[in-house]
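Fold and geometry: a report
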Amino acid sequence: VLELLRAVQRGSEDRKRSLGRLRWALQNKETQQKFVRLDGSIRTLIGIFTSSLADMQMEAARCLHELSHSSDPAVAEACLPVTSYLLTYLSGHSVEFMELCLYTLGNLVVESEAVRKQLLPQGIIPVLASCIQSPHEAVLEGLGYVLSQLLQAKEAPTEIIPLVLDSVLPQHMLRLVCSGLKAGIGAAVEFAWCLHYIICSHTANAALLSLGALPALTSLLLDLASEIPQDAPEGLELLVCPVLRCLSNLLAEETGCEVQIQDERLLIALFLILQCFLQQHPFIVQECLWLLNNLTADEPFFCSALLSLDLLPALLQLLPCSQMASVLVLTVLCNIAEKGPAYCQQLHRQPALPLLLPTLALPDPEVVGQCLELLHLLFLHWPEAAADFVTQGGHRALEQHQSTPVLQERARALLDMVGQPLGASALSPCHATLSAFS
């Protein structure tokens, strides 16, 4: 490596070849650490990176890009002198060169707080804002990568997100996400995660809602669902996931924003997505159920729509998918049952009780606990369900939980309820919107 550096410094005729070999060597972690400790190493690379020879610039940029992959903060901090040049070259250069600069910046900000601290006063947010109208998908995808790394930093809520909100970035990010597949799925995915990180900070949701984020993302989800029955493009689930999370977290805010999207097509879209991704991408099931819970938690519209569209059987089929899916399905059913007797009557007409009995036999206290909560609501609002439950042998399933510390109080209360026509219960319903994964 020292010989390669000397060959590069001497400016010999094979300098480009030496840079190429150096780039290959810098793929090794130990070589990266040794290189930055060599006197004048970074200064030499910067000198070539800022030269007027385009092919040499590109080779130096590739070397810097390899260095940026290091997980050692010391390597990232050794690259501090190059950050201002990386920003400068985000305008007026080739697409490939800009893309290299963007990914190098993105890699550096992941590993080093010192790099982030230097880039902010250097004006990285305004520079990125000027790049976001680029017509090149590769540039947009790289830009999304840099932003997503910045927005995940520990200091993002206080130091980075306010700067982003004061720029044109949020509206353009929303536009690019909602253009979906037209702008390229890679860029749309990156910007969807950027919106997700902003929403999770809970400091910007009012601003995003004022930009129309909720109806825009809802419309996008409907469009994505409409793509599924035809020829869903590869990687569609990568975009669906952050879009679902953005909607879930916006709905989890106490803003009353759920009133803005009373559209039963959203439920149909969710179940189409569930059906499409259930086998190959089961993680999407969990994301859909988080959103379904937040839609039904307070708003009777979606509870009524779920029943009137006859989507309950499809929901019940998801009970055995996973532990988390079971909990979320039961929580959605609780949201419906909590709305009162008419809703509980419709739940009773559906084959819910026979499916709940095997659920009560599961060894998972969280799943069983949520099932007990659902039974409590059903029995409270529709006593006929309690009578059917006893006929089907449900009381025996309850009796087995009388000795389980975390369940025994609720199990005993339910046994008391099924022993009388209608009784007050010591249980109180507890349903709320849930923030999706941060």
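Per chain, residue numbering runs from 1 following the sequence as it is written. Confidence filtering applies because this is a predicted model: local features only for residues at pLDDT of at least 70, side-chain atom pairs given and counted only at 80 or more, and all residues used for totals across whole chains, interfaces and linings. Remark: hydrogens and water are excluded; side-chain values derive from all non-hydrogen atoms of the structure.

1. Let's talk about the overall build of the chain
The helix and strand tally for the chain stands at 28 helices and zero strands. Taken over C-alpha atoms, the radius of gyration is set against a globule rule of 2.2 Å times the number of residues to the power 0.38. On C-alpha atoms alone, the chain measures out to a radius of gyration of 28 Å, which is more than a quarter above the 22 Å that the 2.2 N^0.38 rule sets for 438 residues. Across its three principal axes, the chain shows a C-alpha extent of roughly 95 × 40 × 40 Å. The buried label goes to any residue with under 20% of its type's maximum accessible area, the exposed label to any with over 50%, and the partly exposed label to all in between, with areas taken from a 1.4 Å probe on protein chains only. Looking at the chain as a whole, 54% of its 438 residues are labelled buried. We call two residues in contact when some of their heavy atoms are within 4.5 Å. In the chain, the proportion of contacts linking residues at least 24 apart, taken out of those at least 6 apart, comes to 74%. Just so you have it, the chain exposes about 18,500 Å², and 52% of that area is on carbon and sulfur atoms. Only four residue types enter the charge count: Lys and Arg as positive, Asp and Glu as negative, with His and the chain ends excluded. Note on charges: their place is set at NZ of Lys, CZ of Arg, CG of Asp or CD of Glu. Across the chain, the centroid of the 24 positively charged side chains sits 12 Å from that of the 43 negatively charged ones. Note on conventions: DSSP H or I runs of at least 4 residues are helices, E runs of at least 2 residues are strands, and numbering of each starts at the N terminus. For every accessible area listed, the method is Shrake-Rupley and the probe measures 1.4 Å; residues are considered covered only by the protein chains on display.

2. Quick notes on helix α18 (residues 265–277)
The end-to-end C-alpha distance of α18, which contains 13 residues, comes to 18 Å, matching closely the 18 Å that a straight helix rising 1.5 Å per residue would cover. The inward-facing, buried residues of α18 contact α16 (213–227), α17 (236–252), α19 (283–296), α20 (300–308) and α21 (312–316). By definition here, a helix of n residues has an expected span of 1.5 Å times n minus one.

3. Some points on the environment of Thr203
Tracing the chain through its elements places Thr203 in the loop between α14 (185–200) and α15 (205–210). Its relative accessible area of 48% is what places Thr203 among the partly exposed residues. Taking C-alpha positions, Thr203 is 9.9 Å from Leu165, a pair spaced 38 residues apart along the chain. Beyond its immediate stretch of four places on either side in the chain, Thr203 contacts Ile161 and Leu165.

4. Points about the nonpolar core
If you look at the biggest cluster of nonpolar residues, it comprises 161 residues, and the most contacted ones within it are Phe49, Leu67, Met173, Phe191, Leu315, Leu360 and Phe379. Excluding its chain neighbours within four sequence positions, the residues that come into contact with Met173 are Ile132, Leu147, Val164, Phe191, Cys194, Leu195 and Ile198. Only buried residues count toward a nonpolar core, which is a set of Ala, Val, Leu, Ile, Met, Phe, Trp, Tyr and Cys residues joined through side-chain atoms within 4.5 Å.

5. Details of the environment of Ala297
Residue position: Ala297 is located in the loop between α19 and α20. Along the sequence, Ala297 and Glu338 sit 41 residues apart, while their C-alpha atoms lie 9.1 Å from each other.

6. Examining the packing of α17 against α19
As a packed pair, α17 and α19 sit with axes 9 Å apart at the nearest point and diverge in direction by 25°. The orientation of α17 with respect to α19, classified from their angle, is roughly parallel. Considering the relative orientation of α17 and α19, their crossing is left-handed. Contacts between α17 and α19 involve Glu237, Val240, Cys241, Leu244, Arg245, Leu247, Ser248, Leu251 and Ala252 from the former and Phe283, Ile284, Glu287, Cys288, Trp290, Leu291, Asn294 and Leu295 from the latter. Ten residue types, Ala, Val, Leu, Ile, Met, Phe, Trp, Tyr, Cys and Pro, are classed as nonpolar, four, Asp, Glu, Lys and Arg, as charged, and the remainder, Gly among them, as polar. Taken together, the residues of the contact of α17 with α19 break down into twelve nonpolar, two polar and three charged. Interaxial angles span 0 to 180 degrees and are taken between N-to-C directions of axes, which are lines fitted to C-alpha atoms, for helices over the stretch in contact. For classification purposes, angles smaller than 35 degrees are called roughly parallel, those larger than 145 roughly antiparallel, those between 65 and 115 roughly perpendicular, and all remaining angles oblique. Take the far helix as the reference: if the near one is turned anticlockwise from it by less than a right angle, the crossing is left-handed, and if turned clockwise, right-handed.

7. Section: the side chain of Thr331
Here Thr331 is to be found in helix α22 (residues 323–337). Identification of polar contacts relies on pairs of N or O atoms within 3.5 Å, with a donor-acceptor requirement for protein atoms, meaning one able to donate a hydrogen and the other able to accept it, and with residues adjacent in sequence counted only if both atoms are side-chain atoms. A distance of 3.4 Å separates polar atoms of two side chains, one belonging to Thr331 and the other to Gln370.

8. Notes on the pattern of salt bridges
In the sections that follow, a salt bridge refers to a side-chain nitrogen of Lys or Arg positioned within 4 Å of a carboxyl oxygen of Asp or Glu. Within the structure shown, the criterion is met by eleven salt bridges. A salt bridge links Glu159 to Lys117; the nearest nitrogen and oxygen atoms lie 3.1 Å apart. Taken as a pair, Glu159 in helix α12 (residues 156–165) and Lys117 in helix α9 (residues 113–119) lie far apart in primary sequence, 42 residues in all. Here Lys117 falls in the partly exposed class, since its relative accessible area comes to 38%. Linked through salt bridges whose partners overlap, the residues forming this network are Arg23, Glu59, Arg62 and Glu96.

9. What to know about the packing of α16 against α18
For the pair α16 and α18, the least separation of the axes is 9 Å and the interaxial angle reads 45°. By the angle between their axes, α16 is oblique relative to α18. Considering how the two elements wind past one another, α16 and α18 form a crossing that is left-handed. The residues of α18 that touch α16, namely those facing Thr218, Leu221, Leu222 and Ala225, are Arg265, Leu266, Ala269, Leu270, Leu272 and Ile273.

10. Observations concerning the environment of Arg410
Within the secondary structure, Arg410 sits in helix α28 (residues 408–418). One polar contact links the side chain of Arg410 to the main-chain carbonyl oxygen of Gly369, over a distance of 3.3 Å.

11. Overview of the packing of aromatic side chains
Ring geometry is summarised as follows: Phe, Tyr and Trp rings, the Trp one being its six-membered ring, pair when their centres sit within 6.5 Å, and such pairs are stacked at plane angles under 30 degrees, edge-to-face over 60 and tilted between the two. Throughout the structure, instances matching the rule amount to seven aromatic pairs. Measuring from centroid to centroid gives 6.1 Å for Trp193 and Tyr197, while their planes differ by 25°, and the two rings are stacked. Of the two residues, Trp193 and Tyr197 are both situated in helix α14; the distance of four residues between them amounts to about one turn of the helix. Considered together, Trp193 and Tyr197 belong to a single accessibility category, that of buried residues. A ring pair is formed by Phe301 and Phe302, whose centres lie 5.1 Å apart and whose planes are at 90°; its orientation type is edge-to-face. For Phe301, a relative accessible area of 25% gives the class partly exposed. What makes Phe302 buried here is its relative accessible area of 0%. Grouped by ring-pair contacts, the aromatic residues Phe49, Tyr89 and Phe97 constitute a single cluster.

12. Some remarks on unusual backbone geometry
You will see that Asp310, though not glycine, has its phi angle at about 60°, which is positive. In this fold, Asp310 is placed in the loop between α20 and α21.

13. Looking at the state of the cysteines
Disulfides are defined in this document as cysteine sulfur pairs within 2.5 Å. This structure, assessed with the given rule, holds zero disulfides. Counting only cysteine sulfurs, Cys246 is the nearest neighbor of Cys200, a cysteine outside any disulfide, at a range of 7.8 Å. Its sulfur unpaired, Cys276 is 10 Å from the next cysteine sulfur, which belongs to Cys288.

None of the figures reported here should be taken as evidence of function without further support.
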